[in-house]
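# Breakdown of the fold
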Amino acid sequence: MSERESANGGWEVLPRRRFLSSTAWTAGAVATGLGSWVVPAKWASAADPIKVGIATDLTGAIGIAGNACANTARMMVEDINAAGGVIGRPLELYIEDTASNESVAVNNVRKLVQRHRVDVVLGGITSSMRNAIKDVIVNRGRTLYIYPQLYEGRECTPYLFCTGPTPAQQCDALIPWLMADGAKRFAFPSANYIWPHRLNEYARKVVEANGGEVVFEEYYPLDQIEYSATVSKIMNENIDIVFFTVIPPGLAPFVKQVYEAGYQQRGGRLSCVYYDENLLNFHPPHEMEGLVSCLDYFRAISDGGEHQFSADLHARYDAKFPDGPGFAAGSAATGIYRGLKMWEAAVNEAGNLERDDVAAAIDHAKIENGPGGGSEMVPGTYHCRMNMYIAVCKSGRYEIAQQSDGMVEPGECA
Amino acid sequence: MPIDAAFDIISFTSFVVLVVLGLGVIASMMGIFNLGHGDFVLLGAYTVFVFDELGLPIWLGMTVAPFAVALVGLVLERTVIRRFYAAPVIAMLGTYAIGVVIRETVRGLIGGLYHAIPEPLPGMIDIGEISISKWRLTVILITILVVLVSYLLLRRTTLGLKIRASLENPALARSAAISTGQIYALTFAFGCGLAGLAGALMVPAFSLSADLGVRFLIQAFLAIMLGGIGTFEGPIGGAALIGASTAAFPWVMNPILADIMVFVLAIVAIRLRPTGLFTKRRL
Amino acid sequence: MTLNPRGWPVILVLELAVLAALLAMPAGLDHFWVIFVTRVMILALLAISFDLCWGYAGIMSFGQALFFGGAGYAVAVAARDLEITSVFIALPMAVAVGFVFSLFVGWFLLMTRFPPPIIFVALGTLTGSYIGQRLALSWYYLGGQNGIPSIPSLTVGDYPLYEGPVFYYMVLGLLLGVYLLCRWLVRSQFGLVLAGVRQQESRLTFLGYRVQTYKTMMFALAGSIAGLGGGLLAFHDGFIWPNSIGILVSTQAVIFVLFGGIGTLIGAVIGVGAIEYVGFELADRYPQIWPIILGALLLVVVMFRPTGLIGLLVPERERYGRFGKPPKGEDGDDGAA
């Protein structure tokens, strides 16, 4: 059975330099329980609460992203309930850990769908996770599924809506921007799973269409920690842009080894489209200098004061979760925001929770405002239009280098 | 290319050698196959992490780590491991269980996440065209030093003689007034201390996660079997072979193939030379 | 059957109790738990396969997942690319894959010129499992880290077998069949030879038995059973990934059996049930602490109670048991080794 959540959500990512407080984890765990959460609706109501399920990686290699997602959902459900709930009913949040372990995840998601009978599931971060759990949710579980993370595209499954950026949204503007100063030679070092393969396939087309060249494209086991052969190739082949999709645990050794070989010193540039603010602390700033990312939101948008809505949202998140992982796009937090808001709008429009009715309403859902601006579902494609931003890392912070001219088409399932 | 390749291969090899050294000492001198060895490596890495979190210098953590892990090893030997000397298979299972407990405890303590640890010696040295990581260079030097010291300790000191005597013939050793129990405890603690050192030195290069040690465990075991159990040189030679081929194969073949090739070749070699490549004894 | 002077043999009572409970369960449980118990029964096949190796043939296999996951991958690929989902083709295929893999590994590790040291076998199987895991991780045809998701469901004719009561009873039937086969085998003359091997391998060799051949046969049988389990799990979960073939699952099999009790078969089944159920309840509340408890439990079992849970109930003499009649009416009164 699930335990009730403590006041501030006992399980947060360890803040650096706060080690001592974290040694109390055993006590905290016994008291509150960590595996699954129920955030009960606070106001009493005659109406049954609507159950929202979150399945995300609270622990494991990408636990930072998972906690950002869960925190975003916690904050939003509180806000929605404070504003009167959805179709007059409060929301109740069920959070399950997918633990960066697909086998554990399948069982925990079953728990959401079959035991708690949630009305919608949001979550999954890696593509492997989405692939592992989508069947349990959509086909075997007959439930709606909203996938919030940037990903490789081509997921055109009915009842599965993707609210993160697609390769078209991430690459179409980024790659020409990278090549603007004459850079032509790309390397694609990648982790060996489906997202890098498909993203690279798309990116290669854009590179070649712009007259560039992909010198090599290599795939490594996720936990590879020795990249000397790759790094040497990068150096000797005079690569201009390393467009990489290596993910943790291989990420830190990879970036370190590239830096140590002197790649940035001789003018090379790193680019990685899932890099967000939560990864800034992952490496020393000098290893990341000049790294280019392209996402639907950066903190710099809020800090720059260009978009008041984002700034308010981000400030509220920071106040609520001061120590935890930040509200960041590459951690799927913005996708969770869009997904929950669109689902809320759809349920309000449909007036009930029937899967077909809600799905039909999400299909043309729009939100006026969100992190980085508004967005809307492209009818019939299960994907969203959204604003995109290119940002460059400078001394441990992102600076916006270019902003899309209005919303960018997802270019999927057309 | 050849120089930087050689440096990278040697540098990775020295990590493997460090891990294998402790495992090899325990396996060769005590006949115990410590399946929890990877987790003693992790414990060493974790010690450095704790120092970093507390704001203490990292090099201090690295100095303390081997002793802290040796102490844990000593306590475990006195309470648990000594029950297993009669049955090597039970020892494997028991040490595996200990490893699980250590690993999962550390996983809880670090929140199941990955943590980057800065090197105590950041930066590079430029040698002509290529640049070399200062830290990796330091690790290579420390490895050479540790191997030499361990060798001298086991081969040239009275203590080393007693250790070898306890392995060869425990009954005779006891009748010669050697406390084999004490010797075993010391040996085990020494092996664990080496594991702790390996973990402490590798964590800046590879970042801390609960599975850090397990990553090396099977490579380390293959290295020992490949080199030959029962000698000091065997495991080190095996480690050098395994480490070098792990780092070198990606230069000459597809990284995916390289990854499994090392394991396949090693197990075939062990099957063909069950006593090890670096031992003169034959069955 | 008068091994236990006070009445029925304890093992038989346990077996009947487990069988009765499994037969009755779907009637009283909701969908979630039916699926849960189905999984437990599938994992019981894995546990039985390890019990055959270690409990009966003295082969310390740290690599049963290679056959389990290998067969899982094989049926998943066949279902994905060749659309083979019929029960009557897919499951025999899983068994065959488990058999071929384990025969090869058994030949490689066991059929050496000199009897291989047990450490070599343990590390060899462990490495085999690890190689399988790395291969699955790196070979994009097998999905890399993603594994193979959305495996189509098993079919009987045109009828799809989703997880649920029908699947449950199919697995129960298979488990029962496998169990009876193993039970007969380990109590036959073949089992007696293996019992002798466990006691003193060299003596059996001097008596003229090809000990390594016997062991390899047992290893291949165990591998086939693991293969059946892996094939079932792939279809049941609709998903397979590199960890299914790797060290995690391999060591899980070891833990199940040691905890339940080696060398009794029913101990393996009970071990899976106990670990999975307690694990489920605890993992829900204390997911960080459960693996630590599991490790500590294993340590306690290894140190203090090598016969496992079952050792609490079953007397030593009954665990050794008796063996089938020798070929020619010789006196088979007490076959206990």
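No experiment lies behind these values; they were computed from the predicted model shown.

Definitions and limits used
Residues numbered from 1 in each chain as written. Chains lettered and ligands numbered in written order. Predicted model: local features only at pLDDT ≥ 70, side-chain atom pairs only at ≥ 80, totals over all residues. Helix = DSSP H or I, 4+ residues; strand = E, 2+ residues; numbered from the N terminus. Buried ≥ 20, exposed ≤ 12 C-beta atoms within 10 Å, placed from the backbone. Contact = placed C-beta atoms within 7 Å. Rg over C-alpha atoms; globule rule 2.2 N^0.38 Å. Nonpolar A, V, L, I, M, F, W, Y, C, P; charged D, E, K, R; others polar. Pairing = 2+ DSSP bridges. Core = buried A, V, L, I, M, F, W, Y, C linked by C-beta atoms within 7 Å. Axes fitted to C-alpha atoms, helices over the stretch in contact; angles between N-to-C directions. Left-handed = near helix turned anticlockwise from the far one by under 90°. Expected span 1.5 Å × (residues − 1). Parallel < 35°, antiparallel > 145°, perpendicular 65-115°, else oblique. pLDDT = per-residue confidence, 0-100.

In this section: the overall build of chain A. Helix and strand content of chain A: 15 helices and 17 strands. The burial tally for chain A puts 59% of its 414 residues in the buried class. Restricting the contact set of chain A to residue pairs at least 6 apart, pairs at least 24 apart contribute 73%.

Take the overall build of chain C next. Along the backbone of chain C there are 13 helices and 2 strands. A compact globule built from 337 residues would reach a C-alpha radius of gyration of about 20 Å, and chain C, at 20 Å, matches this within 12%. Across the 337 residues of chain C, 53% fall into the buried class. Taking as baseline every contact in chain C between residues at least 6 positions apart, the subset at least 24 positions apart corresponds to 78%.

On to the interface of chain B and chain C. Each partner contributes residues to the interface: chain B has 30 residues there, and chain C has 30 residues. Those elements that place two or more of their residues in the side of chain B that touches chain C are helix H4 (88-109), helix H9 (214-227) and helix H11 (255-272) of chain B. The biggest single contributor to the side of chain B that touches chain C is H4(B), with 14 residues. In the side of chain B that touches chain C, the residues fall into 23 nonpolar, 3 polar and 4 charged.

What follows is about the interface of chain C and chain A. Taken together, the 26 residues of chain C in the interface contact 28 residues of chain A. Breaking the side of chain C that touches chain A down by element, the ones donating at least two residues are helix H2 (31-57), helix H5 (118-138) and helix H11 (266-285) of chain C. By residue class, the composition of the side of chain C that touches chain A is 12 nonpolar, 10 polar and 4 charged.

Residues and elements named next belong to chain A. The buried fraction of strand E3 (residues 50-56) is high, at 6 of 7 residues. Pairing geometry for E3 and strand E4 (residues 91-97), over 7 bridges, is parallel. Its bridge partner being in E4, Lys51 is matched across the sheet by Glu92. In this sheet, strand E5 (residues 120-123) lies alongside E3 in parallel orientation, the contact comprising 4 bridges. Bridging from a neighbouring strand, Gly53 pairs with Val121 of E5.

Before going further, it helps to examine the sheet that holds strand E13 (residues 366-367) of chain A. Residues and elements named next belong to chain A. Strand order in the open sheet formed by 3 strands is E13-E14-E15, with antiparallel pairing between adjacent strands. Either end of the sheet is taken by a strand with one partner, and the two such strands are E13 and strand E15 (383-386). As judged from the 4 bridges shared by strand E14 (residues 375-378) and E15, these two strands associate in the antiparallel manner. Following the sheet pairing, Val378 is matched in E15 by His383.

What follows concerns the nonpolar core. Core analysis: the largest hydrophobic core is formed by 340 residues, its most contacted members being B:Val19, B:Val20, B:Ala45, C:Ala44, C:Ala47 and C:Ile48. Ranked by residues supplied to this core, first place goes to H2(C) with 18 residues. Setting aside anything within four residues of it in sequence, one finds C:Ala47 in contact with C:Ala253, C:Phe256, C:Val257, C:Ala268, C:Val269, C:Gly271 and C:Val272.

Residues and elements named next belong to chain A. The contact between helix H3 (residues 63-82) and helix H14 (residues 333-350) brings their axes to 8 Å, and the two run at 30°. With respect to the hand of their crossing, H3 and H14 are arranged in right-handed fashion. Note on element contacts: H14 touches H3 through Ala333, Ile336, Tyr337, Leu340 and Glu344, opposite Ala68, Cys69, Thr72, Ala73, Met76 and Ile80. Of the residues assigned to the contact of H3 with H14, the class counts are 9 nonpolar, 1 polar and 1 charged.

Residue and element names in this part refer to chain B. Across its 27 residues, helix H8 (residues 180-206) extends 38 Å between first and last C-alpha, which sits within 8% of the 39 Å expected from 1.5 Å per residue. The buried count for H8 comes to 23 of 27 residues, which makes it a mostly enclosed element. Downstream of H8 by one or two residues, Ser207 has phi in the positive range, about 65°.

Let's shift gears to helix H10 (residues 247-260) of chain C. Residue and element names in this part refer to chain C. If you check H10, its first and last C-alpha atoms are 20 Å apart, about what 14 residues at 1.5 Å a residue would give, namely 20 Å. Counting buried positions over the 14 residues of H10 gives 13, a clear majority of the element. Gly261, located one to two residues past H10, shows a positive phi value of around 125°.

To continue, consider the packing of helix H4 (residues 102-115) of chain A against H2(C). The contact between H4(A) and H2(C) brings their axes to 9 Å, and the two run at 150°. The orientation of H4(A) relative to H2(C) falls into the category roughly antiparallel. Only C:His31, C:Phe32 and C:Ile35 of H2(C) make contact with H4(A), whose side of the interface consists of A:Arg110, A:Gln114 and A:Arg115. Each residue belonging to the contact of H4(A) with H2(C) can be placed in one class, and the counts come to 2 nonpolar, 2 polar and 2 charged.

Moving on, we come to the confidence of the model for chain C. Residues and elements named next belong to chain C. With 93% of its residues at a pLDDT of 70 or more, chain C shows a mean pLDDT of 86. When the criterion is pLDDT under 50, residues 329-337 qualifies, and its contacts beyond four places in sequence or with other chains add up to 14 contacts. Scored as a whole, the predicted complex attains pTM 0.86, and scored at its interfaces, ipTM 0.87.

Another aspect to go through is the environment of B:Glu233. Looking at the secondary structure, you find B:Glu233 in helix H10 (residues 233-252). Separated by 82 residues in sequence, B:Glu233 and B:Tyr151 place their C-alpha atoms 8.6 Å apart.

Okay, the environment of A:Ala332 next. Residues and elements named next belong to chain A. Looking at the secondary structure, you find Ala332 in the loop between helix H13 (308-320) and H14. For Ala332, a count of 32 C-beta atoms within 10 Å translates into the label buried. Sequence spacing of Ala332 and Tyr274 is 58 residues, and the spatial spacing of their C-alpha atoms is 9.5 Å. Excluding residues within four positions of it along the chain, Ala332 makes contact with Ala65, Cys69, Ile125, Pro148, Gln149 and Gly164.

Turning our eyes to something else, we now look at unusual backbone geometry. Residue and element names in this part refer to chain A. You will see that Ile87, though not glycine, has its phi angle at about 35°, which is positive. Here Ile87 is to be found in the loop between H3 and E4. With 15 C-beta atoms packed within 10 Å, Ile87 lands in the partly exposed category. With a phi angle near 70°, Ala332 is a residue other than glycine that sits in the positive phi range.

Attention now goes to the confidence of the model for chain A. The share of residues in chain A with pLDDT of 70 or more is 88%, and the mean pLDDT across the chain is 84. Here residues 1-35 of chain A scores under 50 on pLDDT; set against residues more than four positions off or in separate chains, the count is 59 contacts.

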